[in-house]
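Below, each chain spelled out in residue letters.
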Amino acid sequence: MNRLFLILLALIVTFPAFAQTRQNLYDKFCDVVSRRDIAATAALMAEWEKLYPYDAELFSVRANYHFTNAITTITVLCDSVPSDNRECYALVDSLGEVKEYMYYETRINRAKIDSTTAILTQGIAKHPDRLDFRLGKVTVHLQANENALAVQEVEAALRRSIVNENKWYNTLDEPIETDGISYLRGCIQDYFSQLIDINDLAAAERMADICLRYYPREAVFITNKGTLRYFAGDLHAALGLYLAARDIAPTDMLIANNIANVYVDMGDKENALKYYHIVAGSNDEYYAEKAMQAMKELNAK
C-alpha cells in the first residue's frame, strides 16, 4: 500500500514538470526557427523525439526543419538589363554612368518543399483537426508558387470544417477560439488577398467558388466573388453579388462602399450617392471618410 502511494505521489509531482518541459521545448523551437538555425533545429528535433516520440508537435518541428532555406532570395549583378524585363536597379559610378544592374531572384529547393509538404500531409492524416498543419501546407504551396495546390488545401480544410463543425486545434493541441467559420475565414481571406496581389485571378476565382460551395451564406465569400466579377468588367454580376452580401451583412461598410463604386461605374449617380451616404453616416471612420470624398467628387461632376 505504501509503495502504491509513493508511485502515485511521484506521478503527481513529476507530471507538471513533464508538461512544462513540452512548453519549454516549444519555446526553444520558436527561437531556433526565428533564427533559421538548422543545426539547432536538428538537435531540438532529436531531443523532442526522445521525450515525446508520438507528439503531434513533432510534425511542426520536422516540417520547419525541412522548410528552412527551402526558398531563398539571392542578389544578382549583371552587365545588362534582364531579358525578362523584371524589376532591376541600375548601379552608377561617380560620373553617373551605369556600371551594373542588380536584381533579386527567388530560388526554390524542390526537394525541401516536397519533404515539408509530405510531413505536413502525414501530420494531417494523424491529427486532422490540427488547423496549423493545414494552414502551414497552404502557406508552403503559396511561397513555392504552387497556387493551384494551395487552393486544393483550402478546399480540404473547408471540407473538414463541415465534418468537425469548426472545432479546430492549434499549437500544443490548444483549442482555437472561433465563432463558427470566423477563424478559418480570416485565414482564407489572407490567402485570397495574396492571390489578388500577385494577379493570379484564376486561382482566386477557384478559391472563391470553392468557399461558396461550402459556405454559400458567408457575406465575405460572396463579396470575394463579386470583386472578381468586378475585375472582369461584369458590373451587373458584381452588383448582384454585392447586394446579396449586403442582405446578409447590412452593417458591413466595405460591402456598401463596393455597391456605391459599382453604381458609379455604371453611371447611376443617384444610387451611388445613396450608398455613399449610408457609408458616410456609419461609425466606420475609414470608409466614412472615403465615402464623403467620393460624394464630393461625384457632386462636382
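Residues numbered from 1 in each chain as written. Predicted model: local features only at pLDDT ≥ 70, side-chain atom pairs only at ≥ 80, totals over all residues. Heavy atoms only, no water.

Q: Teacher, can you tell me more about the overall build of the chain here?
A: Along the backbone of the chain there are 13 helices and three strands. Its C-alpha atoms give the chain a radius of gyration of 26 Å, clearly above 19 Å, the size a compact globule of 301 residues would have. Along the three orthogonal principal directions, the C-alpha set of the chain runs to about 90 × 65 × 30 Å. For the chain, the proportion of its 301 residues judged to be buried stands at 40%. Sequence separation of 24 or more characterises 54% of the internal contacts of the chain that already satisfy a separation of 6 or more. Of the accessible surface of the chain, which amounts to about 17,300 Å², a share of 54% is contributed by carbon and sulfur atoms. (Helix = DSSP H or I, 4+ residues; strand = E, 2+ residues; numbered from the N terminus. Rg over C-alpha atoms; globule rule 2.2 N^0.38 Å. Buried < 20%, exposed > 50% of the residue type's maximum accessible area, 1.4 Å probe, protein only. Contact = heavy atoms within 4.5 Å. Areas by Shrake-Rupley, 256 points an atom, 1.4 Å probe, with all protein chains shown as cover.)

Q: Would you explain helix α7 (residues 182-197) in this entry?
A: An α-helical turn contains 3.6 residues, so a residue and the one three or four places further along point in the same direction. Across its 16 residues, α7 extends 22 Å between first and last C-alpha, which sits within 8% of the 22 Å expected from 1.5 Å per residue. Against α5 (131-143), α6 (147-164), α8 (201-214) and α9 (219-231) lie the buried residues of α7. Positioned one or two residues after α7, Asn199 has a phi angle of 65°, which is positive. (Expected span 1.5 Å × (residues − 1).)

Q: How do you make sense of unusual backbone geometry when you look at a structure like this?
A: Peptide bonds are mostly trans, and most non-glycine residues show a negative phi. Its identity as a non-glycine residue notwithstanding, Asn69 has a phi of 65°, on the positive side. As for its placement among the helices and strands, Asn69 is situated in the loop between α3 (57-67) and β1 (71-78). The backbone of Asn166 shows a phi angle near 60°, a positive value even though the residue is not glycine. Position of Asn166 relative to the elements: it lies in the loop between α6 and α7. Among the residues examined, Asn166 registers a relative accessible area of 8% and is labelled buried.

Q: I keep staring at the packing of aromatic side chains and nothing clicks. Help me out?
A: Each aromatic ring pair is characterised by the separation of its centres together with the angle its planes make. Summed over all chains, the structure comprises seven aromatic pairs. Where Phe59 meets Phe133, the ring centres are 6.0 Å apart and the plane angle is 65°; that geometry is what we call edge-to-face. In this pair, Phe59 sits in helix α3 while Phe133 sits in helix α5, placing the two residues 74 residues apart along the sequence. On the accessibility criterion, Phe59 (8% relative accessible area) is buried. On the basis of relative accessibility, which here comes to 1%, the residue Phe133 falls in the buried class. Ring plane angle 70° and centroid distance 6.3 Å describe the contact between Tyr89 and Tyr104, whose orientation is recorded as edge-to-face. Separated by 15 residues along the polypeptide, Tyr89 in strand β2 (residues 89-92) and Tyr104 in strand β3 (residues 98-108) bring together distant segments of the chain. Assessed through its relative accessible area of 45%, Tyr104 is described here as partly exposed. An aromatic cluster is built from Tyr26, Phe29 and Trp48, whose rings are joined through pairwise contacts. Seen from the ring of Phe59, Arg62 lies directly overhead, with NZ or CZ sitting 5.9 Å from the centre. (Phe/Tyr/Trp six-rings, centres within 6.5 Å; stacked < 30°, edge-to-face > 60°. Lys NZ or Arg CZ within 6 Å of the ring centre and 35° of its normal.)

Q: Explain the pattern of salt bridges to me, please; I cannot follow it from the model alone.
A: Across all of its chains, the model carries 17 salt bridges by this definition. Note that Lys28 is salt-bridged to Glu47, the shortest N-O span being 3.9 Å. Remark: Glu47 occurs in helix α2 (residues 38-51) and Lys28 occurs in helix α1 (residues 2-34); sequence separation between them is 19 residues. On the basis of relative accessibility, which here comes to 42%, the residue Lys28 falls in the partly exposed class. Glu47 sits in the partly exposed class, given a relative accessible area of 33%. Across the pair Lys167 and Glu165 runs a salt bridge, and its minimum N-O distance is 3.4 Å. An identical accessibility class is assigned to Lys167 and Glu165; each is exposed. (Salt bridge = Lys/Arg side-chain N within 4 Å of Asp/Glu carboxyl O.)

Q: When you look at the layout of surface pockets in this model, what are you seeing that I'm missing?
A: If you roll a probe as big as a water molecule over the atoms, it shows you where there is empty space left. Estimates place the volume of the largest pocket at around 460 Å³. Along the wall of the largest pocket there are 23 residues; nearest its centre are Ser60, Asn64, Phe67, Gly136 and Val140. Put simply, the parts of the chain that give the lining of the largest pocket at least two residues each are α1, α3, α4 (110-126) and α5. A total of seven residues in the lining of the largest pocket trace back to one element, the largest contributor, which is α5. Looking at the lining of the largest pocket, its residues break down into twelve nonpolar, eight polar and three charged. Of the volumes computed, that of the second largest pocket is approximately 340 Å³. Around the second largest pocket, the lining is made up of 19 residues, and of these Thr223, Thr227, Tyr242, Leu254 and Asn258 lie nearest the centre. For the lining of the second largest pocket, the secondary-structure elements that each account for two or more residues are α7, α9 and α11 (253-265). (1 Å grid on protein atoms, 1.4 Å probe; cavity = no way out; pocket = protein on both sides within 12 Å on 5 of 7 lines; lining within 4 Å. Points joined across faces, edges and corners; volume = space filled by probe spheres on them. Nonpolar A, V, L, I, M, F, W, Y, C, P; charged D, E, K, R; others polar.)

So far we have only geometry, and geometry alone does not tell us how the molecule works.
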